[in-house]
Amino acid sequence: MATQTEPAAPDRATYVAVAQTPEFDRLRRTLRGFVFPMTVAFFVWYALYVVLSAYARDFMGTKVVGNINVALVFGLLQFVSTFLIAWLYSRFASRRLDPLADQIRHDMENGGSR
Amino acid sequence: MRYLAAADPATTRTITISLFVLFVLITLGITVWASRQTRNATDFYAGGRTFSGFQNGMAIGGDYMSAASFLGIAGIIALNGYDGFLYSIGFLVAWLVALLLVAELLRNSGKYTMADVLAFRMRQPPVRTAAAVSTVTVSIFYLLAQMVGAGALVALLLGIKPGTTFLGMDANTAKIATIIMIGALMITYVTVGGMKGTTYVQIVKAFMLMGGAILMAVLVLIHFKFNLSALLGAAAEKSGKGAAFLEPGLVYGKEVAGNATQTFYNKIDLLSLGIALVLGTAGLPHILIRFYTVPTARTARRSVLWAIGIIGSFYLLTLALGFGAAALVGGAAIREQNPGGNTAAPQLAQELGTEYFGGDVGGATFLAVIAAVAFATILAVVAGLTLASSSSMAHDFYANVVKKGVTSERQEVVVARISAFVIGAIAIVLGILAKDLNVAFLVALAFAVAASGNLPAIIYSLFWKKFNTTGAVSAIYGGLISCVVLVFFSPVVSGAATSMFPKEDWQWWPLSNPGIISIPFGFLCGWLGTILSRDRADDAKYAELEVRSLTGVGAH
């Protein structure tokens, strides 16, 4: 919210009550259900790249086309996966997270806790 | 073979200085304009929270693509081939941590600084103090790297060679003068323009840097007729190292024949570097405060997406620049100018300018343009760092620890401006003292400190209900201190020919990058501090933090 349209902040009891609603639980589980596995996935994928760079030099040096080797392709795939995950998250967030968050915020700003 | 010394230094020097002065005048104009729009604390700390996702994404790119990225990575690739690419990948993948786990939640629940989130449900004074200490530590290491880089470059870019002078200054005096000038400018940007002025400076710089990098990369590709394999082949051949130049292992994780122990340490060191790079970004205070310059969490998300786009494209370009410099300038000519390879990109510009823009004058001109871009890059990054640390001193330490939260916002901003001045002065003095030290080490250390001291506390704060004050303080100091201590006793500081103090030897720790120990240690300290202390986490405050961070209710 921009500062000038900031509504009166709800009190702490309201937050505690909202945190226990099934709607909020659903938002929390939806968010964590996406970001935690995705974080593990990209971290493992990146770690695999670093570990192969350290310990599998022969494999990384294998030529694919001309002077382009596995190491370069693997590195470029890290770029591709980063762009892909960023796009997937943005799509997931606007389709699945934003509507849930909007609903809860709307309810809180129009009549306190439910 | 042409390199810097072959160009007429007076021509290059005049063009570089003119372009740099032009950049400074434009940005100072923006800064003065921004200062007229800066009326309250939100304007000063967070640029009024009115920037768009695209603008903030470009500004993040401006803050992130530092001298280490532009000059350092291109230089490492030019001299050592593939290994420089490891940095690019780590620096880019790191943005996923920021996107998925930190950016939006931080935007929703904080106000001006990283500590707003760390201290949200904790006792304010200890957590804010710890956060201010680690913010200033990370920023100073990062600042030093940039200022030392600027000092080291200036003698080369202005063409001052041993025995010659420029305006009566020899190379050493010119370095000191440059560090003082950069320091004075960054203090001006921050104290006068605040976050608004600094953000516009970052945006202008991001466009200049991208423009320069795209132009150079396109010229390299034209030279090799858009045949990537031919570019790589030419680079490998000119390096004299053959196919090994295109594979990992020339500098990081080096295999030392007949010394299994050293080989083992080298490989662990590579893993350690990889971890520090990927986990450092989401703990860098000057990056985190950028998320407060946009109106909502959704704009924060969009700004990270733009940032990933521009930063990723930039690192792909540095690949062409690095291998291009290796192929067209050659390692020998680069090493002759700068043993660390920091002048590879400007030297490549000269080579390309000579080839495509009409001989020596074209070469000198293009060199001057790229040199001016490099100075603009350094200047913008140091301004962002100074702003982050002065905000933390004023908002975290002065307002919430010294004054216990009883102070006016106007007073806070006055303190922030004074802090910017003091931190700038400290950075100038340290920059002069450190002017001959290794630059890459300082940046990697800044990332390691950020990943060890800040990231565990941020992640626990946002996601772990039981996390408490003792846990937060332990995580920050544990990660920070273990990191700095391990570096102090590492071969980076003493005991090796390439150390900061090559003649001394108190080294007992074998790894150059401490991340593989200090990052898990930071997480461990946070966990132990939490479960061993008698502190009880405040469940109601966690509920508030969770609801606010996920929904944006009550966001500033």
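S.K.: Describe in detail the confidence of the model for chain B, supporting the description with residues and values.
M.R.: Residues and elements named next belong to chain B. Per-residue confidence for chain B averages 89 on the pLDDT scale, and 95% of its residues sit at or above 70. This model gives residues 1–6 a pLDDT under 50, and the stretch forms 16 contacts once residues within four places in sequence are excluded. Complex prediction metrics read pTM 0.92 and ipTM 0.91.

S.K.: Describe unusual backbone geometry, with residues and values.
M.R.: What is expected of a backbone is that most residues other than glycine have negative phi and most peptide bonds are trans. All names here are of chain B. Positive phi is not limited to glycine here, since K225 has a value of about 50°. Within the secondary structure, K225 is located in the loop between α8 (171–223) and α9 (228–239). The phi dihedral of F226 is positive, around 55°, even though this residue is not glycine. Summarising the element assignment, F226 is placed in the loop between α8 and α9. A residue is classified by how much of its surface remains accessible, and F226, at 58% relative accessible area, is exposed.

S.K.: For the nonpolar core, give the residues involved together with the corresponding values.
M.R.: All names here are of chain B. In terms of nonpolar packing, the biggest core is built from 217 residues, with Y64 and W95 touching the most fellow members. Looking at this core, the element that brings in the most residues is helix α5 (residues 83–109), giving 19 residues. In contact with Y64, other than residues within four places in its own chain, are S69, F91, A94, W95, Y142, T281, L284, I287, I311, Y315 and F447.

S.K.: Explain helix α14 (residues 344–356) of chain B to me, and be specific about the residues and the numbers.
M.R.: In an α-helix, one turn spans 3.6 residues, which is why side chains three or four residues apart end up on the same side. All names here are of chain B. In this model α14 runs 18 Å from its N-terminal to its C-terminal C-alpha over 13 residues, within 8% of the 18 Å that 1.5 Å per residue would give. The buried fraction of α14 is high, at eleven of 13 residues. Backbone geometry just after α14 places G358 at a positive phi near 85°.

S.K.: Quick rundown of the packing of α5(B) against helix α20 (residues 539–551) of chain B? Include the residues and the values.
M.R.: Residue and element names in this part refer to chain B. For the pair α5 and α20, interaxial distance at closest approach is 7 Å and the crossing angle is 115°. Regarding the angle of α5 to α20, the classification is roughly perpendicular. Judged by the twist between their axes, the crossing of α5 over α20 is right-handed. Contact with α5, carried on its side by E104, L105, N108 and S109, involves L545, R548, S549, L550 and T551 of α20 and no other residues of that element. Classifying every residue of the contact of α5 with α20 gives three nonpolar, four polar and two charged.

What counts, and where the lines are drawn
- Residues numbered from 1 in each chain as written.
- Chains lettered and ligands numbered in written order.
- Predicted model: local features only at pLDDT ≥ 70, side-chain atom pairs only at ≥ 80, totals over all residues.
- Heavy atoms only, no water.
- pLDDT = per-residue confidence, 0-100.
- Contact = heavy atoms within 4.5 Å.
- Helix = DSSP H or I, 4+ residues; strand = E, 2+ residues; numbered from the N terminus.
- Buried < 20%, exposed > 50% of the residue type's maximum accessible area, 1.4 Å probe, protein only.
- Core = buried A, V, L, I, M, F, W, Y, C linked by side-chain atoms within 4.5 Å.
- Expected span 1.5 Å × (residues − 1).
- Axes fitted to C-alpha atoms, helices over the stretch in contact; angles between N-to-C directions.
- Parallel < 35°, antiparallel > 145°, perpendicular 65-115°, else oblique.
- Left-handed = near helix turned anticlockwise from the far one by under 90°.
- Nonpolar A, V, L, I, M, F, W, Y, C, P; charged D, E, K, R; others polar.

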